[in-house]
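Understanding the architecture of this molecule
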Amino acid sequence: MDVVTIGETMTVFTPNEEGPLRHARSFSMKFAGAESNVAIGLSRLGHSSRWISRLGEDEFGDAMQSFIRGEGVDVSYVTRDPEAPTGVFFKELRRLNDTRVYYYRKDSAASKMTAELLTDLAIQDAAYLHITGITPALGNSCQSLLDKAVRIAKENGKKIVFDPNIRLKIWGDETEARHIITKYASKSDIVMPGVAEAEFLFGSHTPEEFVDHFHELGVETVLLKLGKEGCLISAPSVRKTYVPGFFVDRVVDPIGAGDAFASGVLSGMLDGLPLAEAARRGNAMGAMATMVNGDVEGLPIRADLNLFMNGGTE
Ligand code: CKP
Ligand code: MG
């Protein structure tokens, strides 16, 4: 197994037209969750990935499990909750570059994940453990689960990849969010924050200073996401380097771009590319994800990724 990831995925309803949600009348139904987005991105590029989660014993849970399994992701450690439902959220495509989300995920099945549900076996055979700051925001039992996952990964010499994915809509308290996100960052080998997230954690600084702040926490490899500008990378063997982004004509849906970036970077690392090349692949994946409606619908297969990265069209 190349990468194992743990987190909540929800059914997402996106209005078929742009504008305020209150006027929306028809929706398309898709599935989205940061961690399964990464697992799917990797699988499309030919890597093996496992997604661990908990779903309701409901129609959405059935559909989601089939969809993610159909993408070639290992779902054999996904459990079902007979009482709590699969979470739901709505996307609102307000204007260009202003997409909002409204969650209906409180007390969802995934928020009821517990450490007891996780066995060493689920992580032991993987090269990387990918986690995000969304899971600890779901509650204490999810935090214990994540703590156990981190412990198993460390005991077995796995690399931990952390995306802060700070969701203040679900954190009860900003200070707590800052404290817990910092804790997971400090336990990780690779961290992929956005600039706004770094600013939330450390206050206002330059990109170079943000990267240093993460190194001070003990993080070996930092990839600071700069949106359409690309990213700033830094690791012991690589001094701080800006890796430019790819041009996108029209951003259709920016949500999921960070996860696409993570899957591109991980894919590059699994292929043994130098960090700057892996980051370039991440930038390309992030750009491609924004060009299509949906979190995972724009994630390419390898042939399309190569075509995009070489500036080609069909
Ligand atoms: O940071 P990203 O835009 O790449 O993440 C988007 C995902 O898991 C989205 O799919 C949503 O389900 C979530 O983040 C979330 O819980 O906010
Ligand atoms: Mg993100």
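Quick caveat: nothing in here was measured; it's all calculated off a predicted structure.

Regarding its fold elements, the protein presents 11 helices and 14 strands. Here the C-alpha atoms of the protein give a radius of gyration of 18 Å, agreeing with the 20 Å that 2.2 N^0.38 yields for 314 residues. Over its C-alpha atoms, taken along the principal directions, the protein stretches across nearly 50 × 45 × 40 Å. The 314 residues of the protein split such that 56% are buried. Counting contacts in the protein only where the partners sit at least 6 residues apart, residues at least 24 apart contribute 70% of the total. When the accessible surface of the protein is summed, it comes to about 13,200 Å², and 51% of that surface belongs to carbon and sulfur atoms. Each charge sign in the protein was given a centre, from 33 positive and 43 negative side chains, and these centres are 1 Å apart.

Looking now at the site of ligand 1. Surrounding ligand 1, one finds 17 residues, the nearest of these being Tyr103, Arg167, Gly256, Asp259 and Asp295. Interatomic distance of 2.5 Å between a side-chain N/O atom of Tyr103 and an oxygen atom of ligand 1. Arg167 is positioned with one of its side-chain polar atoms (N or O) 2.7 Å from an oxygen atom of ligand 1. The protein chains hide 91% of the 410 Å² of surface that ligand 1 would expose on its own. Of all the secondary structure elements, the ones that give two or more residues to the shell around ligand 1 are helix 1 (34-44) and helix 9 (257-270). Broken down by element, the shell around ligand 1 gets its largest block of residues, three residues, from helix 9. Along the lines of polarity and charge, the residues of the shell around ligand 1 split into eight nonpolar, five polar and four charged.

Glancing now at the sheet that holds strand 10 (residues 159-163). Picture the strands of a sheet paired through backbone hydrogen bonds; they go either parallel or antiparallel. The eight strands lie next to each other as 4-1-9-10-11-12-13-14, forming an open sheet whose pairing is mixed. In the strand order of this sheet, the two ends are held by strand 4 (49-52) and strand 14 (238-243), each with one partner. Here helix 1 sits on the sheet and contacts strand 1 (3-6), strand 4 and strand 9 (128-132); the angle it forms with strand 4, its principal contact strand, is near 165°. Sitting on the sheet, helix 5 (residues 140-155) is in contact with strand 1, strand 9 and strand 10, with an inclination near 155° to strand 9.

Moving on: the sheet that holds strand 2 (residues 10-15). Read from one edge to the other, the open sheet built from four strands follows the order 3-2-7-8, with strand pairing classed as mixed. Since the sheet does not close on itself, it has two edges, and those belong to strand 3 (27-32) and strand 8 (98-104), each with one partner. Strand after strand, the sheet turns through a mean of 25° between neighbouring axes, direction not considered. Contacts between helix 2 (residues 59-70) and the sheet are confined to strand 2, strand 3 and strand 7 (88-95), with strand 3 contributing the most and set at about 60° to the helix.

What follows is about the packing of helix 5 against helix 6 (residues 174-186). Two elements in contact, helix 5 and helix 6, have axes separated by 12 Å at closest approach and are oriented at 20°. Between helix 5 and helix 6, the interaxial angle falls into the category roughly parallel. The way helix 5 lies across helix 6 gives a crossing that is left-handed. Across the interface between the two elements, Gln143, Leu146, Asp147 and Val150 from helix 5 touch Glu176, Ile180, Lys183 and Tyr184 from helix 6.

So, on to the pairing of strand 2. Regular strands place their side chains on alternate faces of the sheet. Most of strand 2 sits out of view: six of its six residues are buried. Residue alternation in strand 2 divides its side chains into two sets, Met10, Val12 and Thr14 and Thr11, Phe13 and Pro15, and both sets are buried.

Calculation rules
Residues numbered from 1 in each chain as written. Chains lettered and ligands numbered in written order. Predicted model: local features only at pLDDT ≥ 70, side-chain atom pairs only at ≥ 80, totals over all residues. Heavy atoms only, no water. Helix = DSSP H or I, 4+ residues; strand = E, 2+ residues; numbered from the N terminus. Rg over C-alpha atoms; globule rule 2.2 N^0.38 Å. Buried < 20%, exposed > 50% of the residue type's maximum accessible area, 1.4 Å probe, protein only. Contact = heavy atoms within 4.5 Å. Areas by Shrake-Rupley, 256 points an atom, 1.4 Å probe, with all protein chains shown as cover. Lys, Arg positive; Asp, Glu negative; His and termini not counted. Charge placed at Lys NZ, Arg CZ, Asp CG, Glu CD. Near = heavy atom within 4 Å. Polar contact = N/O pair within 3.5 Å; in protein donor to acceptor, adjacent residues only side chain to side chain. Nonpolar A, V, L, I, M, F, W, Y, C, P; charged D, E, K, R; others polar. Pairing = 2+ DSSP bridges. Axes fitted to C-alpha atoms, helices over the stretch in contact; angles between N-to-C directions. Parallel < 35°, antiparallel > 145°, perpendicular 65-115°, else oblique. Left-handed = near helix turned anticlockwise from the far one by under 90°.

The values are spatial; any link to function lies outside them.
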